[in-house]
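Working through the structure, step by step
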Amino acid sequence: MSTAARVHDLNPPEDRAREPFDVARIRAEFPVLQECIYGKPLVYLDNAATTQKPRAVIDAIVGFYTHENANIHRGVHYLSEQATMAYEGSRNRVREFLGAGESAEIVFTRGPTESVNLVANAWGRRHLKPGDEVVITGLEHHSNIVPWQMACAATGAVLKVVPITDEGEVRLDDFAATLSDRTRFVALSHMSNALGTINPVKEMTALAHERGAGVLLDGAQSVAHLDVDVVDLDCEFFALSAHKIYGPTGTGILYGKRDWLERMDPYQGGGDMIETVTFEHTTYAALPHRFEAGTPNISGAIGLTRAIDFVDRVGIKAIARHEDGLLAYATEVVSAIPGVRLVGTAPRKGAIVSFVLEGVHPHDIGTLLDLEGVAIRVGHHCAQPVMDRFGLPATARASFAVYNTRDEVDILVAGLEKVRKVFS
Ligand code: C6P
């Protein structure tokens, strides 16, 4: 797997013309991409919200319910053992994918939202003290803001926010200036869902460590686009979502360094997270099971394995190169439309183009594009402070994945020209 978390610079123009893989063959693996919407071929550009699923992921989930369904960690019968092996095999596959040292450091959750809540509750509420500082950035998704606000309110700790620039970047010197000797914890998005900005998280993590603070990276947007190695990043926690990396919804991961997880109490109580229970006293299961109370999303974990297999087969570097080409092209042609203003123009970006069109509300853009078969997201993208920073209620956002093409960017642009005409 990876040896370094890399930020992908845009490819030179001559490279951009050459696709790193056969996109038509990749598209054929995604059944939903063959659909028509209002009689027009679907152009799916809402990948930051959720990616589509390849046939292998869908088949694995159907196969599990058709042939293997049973609960895990509880049965002595054949099906339960098969299901347990598949579930724990998925944990190991995630470990490999993230470059983590041991499977005990991989906790299954419902998604990054639950992963952050787990840390904010199980670590934050136990270890934060009045006057301690928790640092986040102005780029965060609500799921990396609200749990920290709640933990600070419960403990008397103070939430500090690193400002973002007009380009939508977090500058390292602003970040360093926000840290202090009272900083106990830092929670950062690896890649912004609203703007696409990629943060220099390795450098930020090192700066936080100099102050003795722990670091959580919200990798919800980054893992499908960047080569991630949690040991190289040296973060204490990394949160991700299966459904944004071609896997199923309802399944996420929290990577945590063993020594940090060991200093955390369970977040929820119930079955499967205990060692012994009496009415007087309960002892907890070993890592990572103490953080997985109740029957988990078994088919979700199995689907995630196949999604990681898909990404590895295509190659994360090839995916990044393809998406960088799409981002460069989309940036050029969308920004050339009269009245369009891009929001988020950081030099280091993942394949997200957020924009506004003069005189047209983003919701109208989304609705009219939908009639052309083009799916984008409009709104505040669960990042209201980012919108506030730019004085906007909302943006339109096109976000790209491995299966998108330049032709689809052209259809987006043609749709935007229509929107302009309707409102002119
Ligand atoms: N962003 C988007 O359209 P969940 O909902 O738990 O799977 O993911 C939450 C989340 C956390 N961090 C970041 C950076 C994210 O982008 C998201 C989800 C989607 O942008 C849905 S709001």
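Anyway, here's the lowdown on the structure attached to this text. (Residues numbered from 1 in each chain as written. Predicted model: local features only at pLDDT ≥ 70, side-chain atom pairs only at ≥ 80, totals over all residues. Heavy atoms only, no water.)

Right, let's get into helix H3 (residues 55-68). Helix length check: H3 (14 residues) gives 18 Å between terminal C-alpha atoms against 20 Å at 1.5 Å per residue, within 8%. Residues Val 57, Ala 60 and Phe 64 constitute the buried set of H3. (Helix = DSSP H or I, 4+ residues; strand = E, 2+ residues; numbered from the N terminus. Expected span 1.5 Å × (residues − 1). Buried < 20%, exposed > 50% of the residue type's maximum accessible area, 1.4 Å probe, protein only.)

The full count for this structure, using the stated rule, is 13 aromatic pairs. On the basis of an interplanar angle of 65° and a centroid distance of 5.8 Å, the ring pair of Phe 30 and Tyr 246 is categorised as edge-to-face. In this pair, Phe 30 is assigned in the loop between helix H2 (23-28) and strand E1 (36-37) and Tyr 246 in the loop between strand E9 (237-241) and strand E10 (252-256), connecting sequence segments 216 residues apart. Ring-pair connections join several aromatic residues into one group, and the members of that group are Trp 123, Trp 148, Phe 185, Phe 237 and Trp 260. (Phe/Tyr/Trp six-rings, centres within 6.5 Å; stacked < 30°, edge-to-face > 60°.)

Spatially, the four strands line up as an open sheet ordered E13-E14-E17-E16, and their pairing is antiparallel. The open sheet terminates on both sides in strands that have one partner only, identified here as strand E13 (340-342) and strand E16 (377-379). If you compare each strand with its neighbour and ignore which way they point, the axes differ by 30° on average. Bridge analysis of E16 against strand E17 (residues 395-399) gives three bridges, and the strand direction is antiparallel. Within E17, the residue paired with Gly 379 across the bridge is Thr 395. In this fold helix H12 (residues 316-335) packs onto E13 and strand E14 (352-357), with an angle of close to 5° to the strand it touches most, E14. (Pairing = 2+ DSSP bridges. Axes fitted to C-alpha atoms, helices over the stretch in contact; angles between N-to-C directions. Contact = heavy atoms within 4.5 Å.)

Here Asp 174 lies in helix H7 (residues 172-178). Assessed through its relative accessible area of 26%, Asp 174 is described here as partly exposed. It is 10.0 Å that separates the C-alpha atoms of Asp 174 and Thr 137, two residues lying 37 residues apart in sequence. Sequence-distant contacts of Asp 174, defined by excluding residues within four places in its chain, comprise Val 162 and Pro 163.

The immediate surroundings of the ligand are formed by 16 residues, with Thr 113, Asn 193, Asp 218, Gln 221 and Arg 377 found nearest. Within the contact set of the ligand, an oxygen atom lies 2.8 Å away from a side-chain nitrogen or oxygen of His 243. The contact in question runs from an oxygen atom of the ligand to an N or O atom on the side chain of Arg 397, over 2.8 Å. When isolated, the ligand has an accessible area of 510 Å², and the protein chains bury 87% of it. Residues belonging to the shell around the ligand are distributed by class as follows: five nonpolar, seven polar and four charged. (Near = heavy atom within 4 Å. Polar contact = N/O pair within 3.5 Å; in protein donor to acceptor, adjacent residues only side chain to side chain. Areas by Shrake-Rupley, 256 points an atom, 1.4 Å probe, with all protein chains shown as cover. Nonpolar A, V, L, I, M, F, W, Y, C, P; charged D, E, K, R; others polar.)

With that settled, consider the sheet that holds strand E4 (residues 106-109). The seven strands lie next to each other as E4-E10-E9-E8-E7-E5-E6, forming an open sheet whose pairing is mixed. The open sheet has two edge strands with one neighbour each: E4 and strand E6 (158-162). Across the sheet, the axes of successive neighbouring strands diverge by a mean angle of 20°, strand direction being ignored. Of the pairings in the sheet, the one linking strand E5 (residues 133-137) to E6 comprises five bridges and is parallel in character. If you follow Val 134 over to E6, its bridge partner there is Leu 159. Along the sheet face, helix H8 (residues 201-210) touches E5, strand E7 (183-189) and strand E8 (214-218) and points at about 160° away from the line of E8.

Attention now goes to the nonpolar core. The biggest cluster of nonpolar side chains holds 72 residues, and the ones touching the most others in it are Leu 98, Phe 175, Val 186, Phe 238, Tyr 246, Val 402 and Tyr 403. If one sorts the elements of this core by residue count, helix H11 (residues 298-314) sits on top with nine residues. Setting aside anything within four residues of it in sequence, one finds Phe 175 in contact with Val 135, Val 162, Val 170, Val 186, Leu 188, Met 204, Leu 207 and Ala 208. Counting residues in hydrophobic clusters, the runner-up holds 29 residues, among them Leu 327, Val 409, Leu 412 and Leu 416. (Core = buried A, V, L, I, M, F, W, Y, C linked by side-chain atoms within 4.5 Å.)

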